[in-house]
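Remarks on the overall topology
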Amino acid sequence: MTPPLRTLLLSSCVCLGIAAASAQEAIDAGGQTLALHTVVTGLEHPWALAFISDDEFLVTERNSGALRVGGTDGRLSDPVWEADDLFRFEGETSRSQAGLFDVQLHPNFEENGWAYISYSRQTDRGAALVVVRGTVSREDGDVTFSDVEDIFVMKEEDQDSSGLHFGGRMAFDPSDASLYLSVGERRNISRSQDASDQAGAVLRMTDSGEAHPGNPSFETGEDEGSSDPYIYAIGVRNIQALAMRPGGQLWAADHGPEGGDAIRHLASGTNHGWPFVTGGEDYSGAPLGVGREMEGMTPAVHVFDETIAPSGLTFVTADSAFQDWSGNMLVGGLYAEGVVRVRLQGDLLADDELIELGHRVRDVRMGPDGAIWMVTDHAEGAVLRLVPEGS
């Protein structure tokens, strides 16, 4: 049986941070004291960050559609690029999840300067999840993002006007520079089991946006079209946490319904069962599915007992400031307001613990300085840096 989620509580103090006037908070985490620094403030619902140098990073803002450049010294640029065709649902609900999402650097970024951005684009049918690629360079010392072009646009028949469940998280496989993209089921649960539909799936494409030639073929129903050539795995709900594990495995954390947040090991041709296989229930309290396992479906590696609302995933690198955590998975938690550290043994979960930070963590990355970097999902969002005390 999986050990229960442990909570590491936050204690606060104010002292000198990494940047001038930044706040530092002390965290007792499993026998060691960590320091949480607030490095950059003034961001509107930031969604993702990616380091372009030792001291600068790109950061996306969901609602404004802006891409900015932040610095480890606390600097924050004006937008260097904005999505002028952004879809932001403005109907009866204020819970819209649409906007500017992830940013990922090409594995050969140092040579080609390519950065990839995912977002929801306004279309005649409502919205399409798209991926654009641009070139990061410098002009008079300032970072620019230019030559922006579409490499992927969700096919027209799969577009709709929902403001929910876009997915939008990306991950690169450095072995061949193939790009993975999660697509939520757009709050229409039946779409996850339709392999002709790009929603409710994880897609794999080349770095220029073509369907990957090694993608599997899925069986489809009589009233469905042929298997979509972009699809790598199906049966997922709304993945916003996706990363390659060192060694070449693709891992994800998927939002459950009411409960049922899950860690998944994604492999080519797998069906992860949603909505038939789930550890949660409908928001109304009504039961969903048949349980956590079903013949022919790939079960989750782990289903959290508590709601995490996972967003952002990375693995602790061997050269990080957290040597005892090397190889551990880190999952950002929106509802949990922290980061879940997951220790794996092979492909199984051995232990997990919640490092409670008091912030809705939208993304988590390992920085070039060996620290854990995060962005917070707030109207006044921030970039945070977590290190062992004294680092």
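Below, the structure is looked at part by part. (Residues numbered from 1 in each chain as written. Predicted model: local features only at pLDDT ≥ 70, side-chain atom pairs only at ≥ 80, totals over all residues. Heavy atoms only, no water.)

**Describing the overall build of the protein chain**
The following threshold applies: Where helices and strands are cited, they refer to DSSP runs of H or I of at least four residues and of E of at least two residues respectively, numbered from the N terminus. Partly exposed residues are those whose accessible area sits between 20% and 50% of the maximum for their type, while under 20% is buried and over 50% is exposed, using a 1.4 Å probe and protein chains only. The contact criterion used is simple: two residues touch if any of their non-hydrogen atoms lie within 4.5 Å. Positive charges come from Lys and Arg, negative ones from Asp and Glu, while His and the chain ends are left out of the count. Charge coordinates come from a single atom per side chain, which is NZ of Lys, CZ of Arg, CG of Asp or CD of Glu.
Counting its regular elements, the protein chain contains one helix and 26 strands. In terms of principal-axis extent, the alpha carbons of the protein chain reach across some 65 × 55 × 45 Å. Looking at the protein chain residue by residue over its 391 residues, the buried ones come to 59%. Long-range pairs, those at least 24 residues apart, make up 54% of the contacts in the protein chain between residues at least 6 apart in sequence. Computed over 26 positive and 62 negative side-chain charges, the inter-centroid distance for the protein chain is 2 Å.

**Side note on the environment of Val69**
Examined against the element boundaries, Val69 turns out to sit in strand E6 (residues 66-71). In the structure, Val69 is positioned 74 residues away from Val143 in sequence and 7.4 Å away in space, judged by C-alpha atoms. With residues near it in sequence (within four places) discarded, Val69 still touches Glu56, Phe57, Leu58, Arg75, Leu76, Ser77, Val80 and Val143.

**Observations concerning the pattern of salt bridges**
Which entries qualify depends on this criterion: By salt bridge we mean one thing: a side-chain nitrogen of Lys or Arg within 4 Å of a carboxyl oxygen of Asp or Glu.
Going through the model one piece at a time under the given rule, you end up with 22 salt bridges. With its nearest N and O atoms 2.9 Å apart, the salt bridge here joins Asp102 to Arg365. Separated by 263 residues along the polypeptide, Asp102 in strand E8 (residues 100-105) and Arg365 in strand E24 (residues 361-366) bring together distant segments of the chain. Considered together, Asp102 and Arg365 belong to a single accessibility category, that of buried residues. The partner of Asp369 in a salt bridge is Arg385, with the nearest N and O atoms 2.8 Å apart. Here Asp369 is found in the loop between E24 and strand E25 (372-376), whereas its partner Arg385 is found in strand E26 (residues 381-388), with 16 residues between them in sequence. For Arg385, a relative accessible area of 10% corresponds to the buried category. Taken together, the shared-partner salt bridges in this structure form one network comprising Glu56, Asp73, Arg75 and Arg138.

**Some details on the side chain of Ser227**
Our working rule: Between N or O atoms, a polar contact is any pair within 3.5 Å; within protein, one atom must be a potential hydrogen donor and the other a potential acceptor, and residues adjacent in sequence are included only when both atoms are from side chains.
Within the element layout of this structure, Ser227 appears in the loop between strand E14 (201-205) and strand E15 (231-234). Overall, the relative accessible area of 16% leaves Ser227 in the buried class. Polar side-chain contacts of Ser227 include one of 3.1 Å to the backbone nitrogen of Phe218. Beyond its immediate stretch of four places on either side in the chain, Ser227 contacts Ala195, Ser196, Pro216, Ser217, Phe218 and Thr220.

**Considerations on the sheet that holds strand E10 (residues 126-139)**
Filter applied, for reference: Between any two strands, at least two bridges found by DSSP are needed for them to pair. Axis definition: a line fitted to C-alpha atoms, limited for helices to the stretch in contact. Angles are taken between N-to-C directions and run from 0 to 180 degrees.
The four strands are arranged E8-E9-E10-E11 in an open sheet whose pairing can be described as antiparallel. With one partner strand each, in any of the chains shown, E8 and strand E11 (142-153) form the two edges of the open sheet. In this sheet, neighbouring strand axes are inclined to one another by 30 degrees on average, regardless of whether the strands run parallel or antiparallel. Of the pairings in the sheet, the one linking E8 to strand E9 (residues 114-123) comprises four bridges and is antiparallel in character.

**Brief notes about the packing of aromatic side chains**
Threshold: Pairs were defined over the aromatic rings of Phe, Tyr and Trp, the Trp ring being its six-membered one, requiring ring centres within 6.5 Å. Orientation was assigned from the angle between planes: stacked under 30 degrees, edge-to-face over 60, tilted for the rest.
Here the structure, examined in full by the defined rule, presents twelve aromatic pairs. A centroid spacing of 6.1 Å and a plane angle of 65 degrees characterise the contact between Trp81 and Tyr119, whose relative ring orientation is edge-to-face. Within this pair, whereas Trp81 is found in strand E7 (residues 81-82), its partner Tyr119 is found in strand E9, the two being separated by 38 residues in sequence. Residue classification places Trp81 among the buried positions, given a relative accessible area of 16%. According to the relative accessible area criterion, Tyr119 is buried, its value standing at 2%. Residues Trp81 and Phe145 carry aromatic rings whose centres are separated by 5.9 Å and whose planes lie at 75 degrees to one another, so their mutual orientation is edge-to-face. Of the two residues, Trp81 is situated in strand E7 and Phe145 in strand E11; the sequence distance between them amounts to 64 residues.

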